[in-house]
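Observations on the model geometry
Residue-level listing of the chains:
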Amino acid sequence: MIRFKLTFDKDAEQDWLNGLCAQGWAMTGFFAGLYTFTPCQPGEFIYQVDLLPGEGVRAWRSGEYMDFMEETGVEVVQRWFRWVYLRRRAADGPFQIYTDVDSQIQMYRRIRKMFLWVFALECCCSLGVIPGAVLNDGVLIRCAIALFAMLLIAIARVIWRCTCIIQELERQK
């Protein structure tokens, strides 16, 4: 089965993957919003989604990370830029990558920082569209502006949500 889903929310994506697995569908691949699933025993796997350390879309020491995960019995299902999709058999017990508050804060800071970088890039790209919108009256230009605006809003929501989660985790310390 192939499903298309665009989400910028790591937690919602993770919950969605675990929900589909509970229904008997194991994720086996991902590319640009297209997820590939194969049948499995309901609840056979527990999925986690992580953002590798790095800058922009480039990951640092990803080989070490992947090797470590596989040594601990975690299967690396897919890597897409800095995002990595992991799973472990539910029979092996609970699976959570970040168990302490400090590491969770660091992870959400990485996500926020990456989306701040994407937000800045998106703003620069949209600056190229605005002069065309002022000079032209075309429907295509209006559609492009609407698309840029929707993307900026979606990215801003992720940044805001990560900030809220970080603040809540810091209160828990």
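Residues numbered from 1 in each chain as written. Predicted model: local features only at pLDDT ≥ 70, side-chain atom pairs only at ≥ 80, totals over all residues. Heavy atoms only, no water.

1. Considering the nonpolar core
Counting residues in hydrophobic clusters, the biggest one holds 41 residues, and the most contacted among them are Leu17, Met27, Tyr85, Leu86 and Ile111. Here this core gets 7 residues from one element, more than from any other, and that element is helix α5 (residues 139–172). Once you skip the residues sitting within four places of it in the chain, Met27 turns out to touch Leu17, Tyr35, Thr36, Phe37, Tyr47, Val77, Gln78, Tyr85 and Arg87. (Core = buried A, V, L, I, M, F, W, Y, C linked by side-chain atoms within 4.5 Å. Buried < 20%, exposed > 50% of the residue type's maximum accessible area, 1.4 Å probe, protein only. Helix = DSSP H or I, 4+ residues; strand = E, 2+ residues; numbered from the N terminus. Contact = heavy atoms within 4.5 Å.)

2. Describing unusual backbone geometry
Of note, the phi angle at Ala32 is positive, near 50°, even though the residue is not glycine. The residue Phe81 is not glycine, and still its phi comes out positive at about 55°. Along the chain, the position of Phe81 falls in the loop between β7 (75–80) and β8 (83–89). Overall, Phe81 belongs to the partly exposed group, its relative accessible area being 48%.

3. Topic: helix α2 (residues 62–71)
Of the residues making up α2, those classed as buried are Ser62, Tyr65, Met66 and Met69. For α2, the arc enclosing every buried residue in end-on projection is 95°, short of the 170-degree limit, so these residues lie on one face. Opposite its buried face, α2 presents the exposed residues Glu64 and Glu71, each directed more than 90 degrees away. Of the residues trailing α2, Gly73 is marked for its positive phi of about 90°. (Arc of directions from axis to C-beta.)

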